[in-house]
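One-letter residues, chain by chain:
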Amino acid sequence: MTVTFKVNGKPATVDVADDTPLLWVLRDTLDLKGTKFGCGIGQCGACTVHVNGTPFRSCQRRITSVQGADVVTIEGLSTDGSHPLQRAWEEIDVPQCGYCQAGQLMSAAALLARTPNPTDTEIDSAMNGNICRCATYLRIRAAIHRAATMKAADTNGSGRRGSSGEPHSLFGEEP
Amino acid sequence: MTISARVDRRQFLRVSAIAGGGILFAAQLESLSAGTAWAAPLTDDFVPNAFIRIMPDGMVTIVAKNPEIGQGVKNMLPMLIADELDVDWQNVRIEQAPLDTTKFQGQVAGGSTATPTNWTPMRRVGAVARAMLMTAAAQTWSVPEMECETVHGVVTHRASGRKLKYGDLLGKAALVTPPDLNSVPLKDPKDYRVIGTPTRGVDVPSIVRGKPLYGIDVTVPGMLYATFVKCPVFGGKAVSANLDEIKTLPGVKHAFLVEGTTPVTFNGLVSGVAIVADSWWQAQSARKQLKVTWDEGATAAQSSTGFTAQAAELAKQPAQRSLRKDGAFDSALGSAAKTVEAMYYYPFISHSPLEPQNTTAHFKDGKLTIWSPSQTPANGRRIVATALGIPEADIAINLTRIGGGFGRRLTNDYMAEAAWIAKQIPEPVKLLWTRDDDIQHDFYRPAGWHYFKGGVDAAGKIVAWRDHFVSFGEGTNFASSAGIGPNEFPGRFIPNYALDTSVMPLGVPTGALRAPGSNGIAFAVQCFLDDLAHAAGKDPVQFRLDLLSNTPIVDPPPPAPPAGGGRGGGAPVVFDAARMRGVLQLVAEKAAWNRQSLPRGTGMGVAFHFSHLGYFAEVVQATVAKDGTLKVDKVWVAGDVGSQIINPLNAENNTQGAVLDGIAEALAQEITIEKGRTVQTNFNNFQLLRMKQACPVEVHFLKTANPPTGLGEPALPPAIPALCNAIFAATGKRVRALPISKTDLKWS
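These numbers were taken from a predicted model, which means no experiment stands behind them.

1. Overview of the overall build of chain B
Phase 1 of the analysis: A count of helices and strands for chain B gives 16 helices and 30 strands.
Phase 2 of the analysis: Here the C-alpha radius of gyration of chain B, 27 Å, is about what a compact globule of 748 residues would show, namely 27 Å.
Phase 3 of the analysis: With the C-alpha coordinates of chain B rotated into their principal frame, the extents come out at 80 × 75 × 50 Å.
Phase 4 of the analysis: Looking at chain B as a whole, 57% of its 748 residues are labelled buried.
Phase 5 of the analysis: Contacts in chain B between residues at least 24 apart in sequence constitute 80% of all its contacts with a sequence separation of at least 6.

2. Quick word on unusual backbone geometry
Phase 1 of the analysis: With an omega of -5°, the peptide bond running from threonine 262 of chain B to proline 263 of chain B counts as cis.
Phase 2 of the analysis: The topology assignment puts proline 263 of chain B in the loop between strand 12 (252-258) and strand 13 (272-277).
Phase 3 of the analysis: Going from leucine 738 of chain B to proline 739 of chain B, the amide bond is cis rather than trans, its omega being -5°.
Phase 4 of the analysis: Secondary-structure assignment places proline 739 of chain B in the segment after helix 16 (719-731).
Phase 5 of the analysis: One non-glycine residue, asparagine 8 of chain A, lies in the positive phi region at around 50°.
Phase 6 of the analysis: Of note, asparagine 8 of chain A is situated in the loop between strand 1 (2-7) and strand 2 (10-15).
Phase 7 of the analysis: Of note in this structure, serine 352 of chain B is not a glycine but carries a positive phi near 45°.
Phase 8 of the analysis: Mapped onto the elements, serine 352 of chain B comes out in the loop between strand 16 (338-346) and strand 17 (358-364).

3. Overview of the pairing of strand 24 (residues 496-504) of chain B
All names here are of chain B.
Phase 1 of the analysis: Across the nine residues that make up strand 24, a large majority, eight, are buried.
Phase 2 of the analysis: Both strand 15 (residues 321-326) and strand 24 contribute to a ladder of five bridges, which runs antiparallel. In the strand pairing of strand 24, lysine 325 is matched with alanine 498.
Phase 3 of the analysis: Pairing geometry for strand 22 (residues 462-474) and strand 24, over nine bridges, is parallel. When the sheet's bridge partners are listed, serine 471 is paired in strand 24 with valine 503.

4. Let's talk about the confidence of the model for chain A
Phase 1 of the analysis: Across chain A, the average pLDDT comes to 91, with 89% of residues at or above 70.
Phase 2 of the analysis: Here residues 159-175 of chain A is modelled with pLDDT under 50, and outside its nearest four sequence neighbours on either side it reaches 27 contacts, counting other chains as well.

5. Describing the sheet that holds strand 9 (residues 163-165) of chain B
Residue and element names in this part refer to chain B.
Phase 1 of the analysis: Pairing is antiparallel across the open sheet formed by three strands, whose spatial order is 7-8-9. Either end of the sheet is taken by a strand with one partner, and the two such strands are strand 7 (148-151) and strand 9. Neighbour-to-neighbour, the strand axes of the sheet open up by a mean angle of 25°, direction not taken into account.
Phase 2 of the analysis: As defined by bridge partners, strand 8 (residues 154-157) adjoins strand 9 across three bridges and the pair is classed as antiparallel. Bridge pairing links threonine 156 to lysine 163 in strand 9.
Phase 3 of the analysis: Of the strands in this sheet, strand 7, strand 8 and strand 9 touch helix 2 (residues 114-141), which is tilted by about 130° from strand 7.

6. A closer look at the sheet that holds strand 30 (residues 697-701) of chain B
Residues and elements named next belong to chain B.
Phase 1 of the analysis: The mixed open sheet is built from four strands, whose spatial order is 25-26-27-30. Single-partner strands in this sheet number two, and they are strand 25 (602-611) and strand 30. Between one strand axis and the next, the sheet turns through 15° on average, direction left out of account.
Phase 2 of the analysis: By the bridge criterion, five bridges tie strand 27 (residues 630-640) to strand 30 in an arrangement that is parallel. Bridging across to strand 30, valine 635 finds its partner in valine 697.

7. Description of the packing of helix 12 (residues 518-536) of chain B against helix 13 (residues 540-548) of chain B
Axes are the key here: two packed helices are described by the angle between their axes and the distance separating the axes.
Residue and element names in this part refer to chain B.
Phase 1 of the analysis: Contact geometry of helix 12 with helix 13 gives a least axis separation of 9 Å together with a crossing angle of 105°. One way to sum up the angle between helix 12 and helix 13 is to call them roughly perpendicular. Residues Leu529, Asp530, Ala533 and Ala536 of helix 12 pack against Pro540, Phe543 and Arg544 of helix 13.
Phase 2 of the analysis: In the contact of helix 12 with helix 13, the residues fall into five nonpolar, no polar and two charged.

8. Some thoughts on the nonpolar core
All names here are of chain B.
Phase 1 of the analysis: Within the largest apolar cluster, 282 residues are counted, with the highest numbers of intra-cluster contacts made by Ala226, Ile275, Ala419, Leu723 and Ile727.
Phase 2 of the analysis: Here the element with the most residues in this core is helix 2; it accounts for 13 residues.
Phase 3 of the analysis: Those residues within four positions of isoleucine 275 in sequence are excluded, and the remaining contacts are Ala226, Thr227, Ile246, Val252, Ala255, Ala283, Ala286 and Arg287.

Rules used in this analysis
Residues numbered from 1 in each chain as written. Chains lettered and ligands numbered in written order. Predicted model: local features only at pLDDT ≥ 70, side-chain atom pairs only at ≥ 80, totals over all residues. Helix = DSSP H or I, 4+ residues; strand = E, 2+ residues; numbered from the N terminus. Rg over C-alpha atoms; globule rule 2.2 N^0.38 Å. Buried ≥ 20, exposed ≤ 12 C-beta atoms within 10 Å, placed from the backbone. Contact = placed C-beta atoms within 7 Å. Pairing = 2+ DSSP bridges. pLDDT = per-residue confidence, 0-100. Axes fitted to C-alpha atoms, helices over the stretch in contact; angles between N-to-C directions. Parallel < 35°, antiparallel > 145°, perpendicular 65-115°, else oblique. Nonpolar A, V, L, I, M, F, W, Y, C, P; charged D, E, K, R; others polar. Core = buried A, V, L, I, M, F, W, Y, C linked by C-beta atoms within 7 Å.

Here's what the structure looks like:
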């Protein structure tokens, strides 16, 4: 059937089988390859996107369930890579293989949207559904704290953009 | 314009002017040995090895030849070239090379080999180019070269202060006779500007923006999507299937019964059914309607419980082989003050890289083009050529970024499947496995059983050690990665020592999982050492230091290398006990070992292991609640991988990842076999580490005057026994079988 929704602010209309997961519409119909397939059963979080502002596993969302919805993928997290999380991920050099990181970033973005300055415990809870097979968790945690600081600085108008400067220590990082 | 200077039969450096006014250096290097005894590269092709392209604006493109699986090699190899070339890293652009055995050697991600094999050759590539640019500048100024120097991509004449940028020297440099690649001067390490500098991953900006990078992201215009269904029983064959019905389903374009190669070769084309559709979801939907008649074959009689029973039987009998025998074990054990007997077991586990297996392929006009996330593309090409019966010369392989390797993509079964399908159809095709396909059709880390007996004398010194290692294989051959070497520690360090092995046949594919062999052996050996330390009433660190201080037995020149094993082919590598003592002392100091009193239920454990030329000692602190709930509090790591950490930012990340990978394996990972098939299916029943389980990992590198070696693997093995030994320190409970989740840790 035909489903119309918004992806990263732009309208999209697709005609696929009703049971097609949003993940495969994004990847194969709309050619947005940033959202990744990891498990297909909502266990790994690699396919996390925002639907009306809430993080969902796109492998578990039938396309019919997003009729009229606003979907944001990693490609729409910012127009230019300037989201504080993207800057923090680069500064701290989070990825190893990098495959899970789009999903990590989308889960982290949803966390920061509702909890601007999360504790380690809040980070662990919010991020526990996102598997990183390379186990970059320590840097993910540090980068979320760093992004929270950047975001606060941006809001105060004193934020330094970009990710220049030496990579900083991963230990002793406090929110 | 091309200028060739043939230095000798094995060296060759070509400089070519290229479009846009740049020049290109293509260096053909001698066979790579890195000057140390270690396993031969997986490919023996001898060919040009690296490229540098310098443009008039001073921008430098460096080609990264090896597959990037997250180990950071796409930074590391170009960093070696850039430093000796003396250019600024920010002016370097990196290009991923395709498979090209005429230009590159060793395009492999495996065995932590990239550093030791490339450390000297890649620096030489950069140094030769730099020397030519310097010669060109000296000629321009009519001054002796020795009066010139380079930095930041600029040649300076010291006396006059005159400067020329590399970009201004290209025409002249192309005319310079290249210096001898083997004797070109290399930098004093104190002058490194790129090597040793924290350098961020070159693909990270693309990763955080969701740009297509991985095999699964490849798009070829007009391509179809495929799913490939294999027999649940390993080695089984597809006899028939309802293909006519499948072909009528929505979107399905083709469906095939695939006979597969005979005899069955897991790292090749396996029998099954391929469904090709307009979209992958349609192929998956059609798969749900698929009915296949399988010939399950002999492996259907195998199971994990059966293996365990066979291992117990084999352990009761005389060992099939003796791999090492020093002194007289039986009499030494008989006269020991205290003896310990224990069996340590580790299960099959899966690699489970997060990007499911995939390959895109297009067969057109007799030529096959492949895009694949492979750790061994050259082997993949051979396998595809065999499976399809076409010459290797007609197969081109593009390397994509790889969503995790861990050894799974050392085998190229998925590449063979995609290539076979592509050859049957006119359209390009992307094959993608499901997670279930991946977990159920892996090349598993083989299970292993170590039946130990050991004894200590009245002074607490180990006087006798025997390991009857029960594993998989046939005759004198171990199954892939199921072997052990005769020099495995503590061999040579105990006067009365026996390493015996027995094997049973296995129909389940096995293969190298990150730190193959070591990831199980270290658990068994380092935990049994802890058993003996406890029996001797000694501190576990001091007990190990004492053992490492024994004068090692010097072996006569080795006979034929042991068969198989997947642990570096059995090349005799000399274990340097002094280096291990160094990291053991360092980690004990950093962890404040024995300098604090921990509450009951909290304990520290220590372990060390030597693999892939790296020396690692680790301390784990763990807390076990009275109800048995385990929490890993922290890991301290000390590693010695030689004189230089090439990219400290990546080295820390990779080491932390390896340690946490080991913790993950120890905590909960197990693959079980029933009726010849894998029971586990996905991440709900094969548990990967999650954020809440990720404890701090503090990494220290001890730099020693040894050639730099690799970091992808050697930090993993000690984490597992260090954790188990910490549990013992915390609770008095000894974990003798992995995963730890199978042991009841309750205490009161």
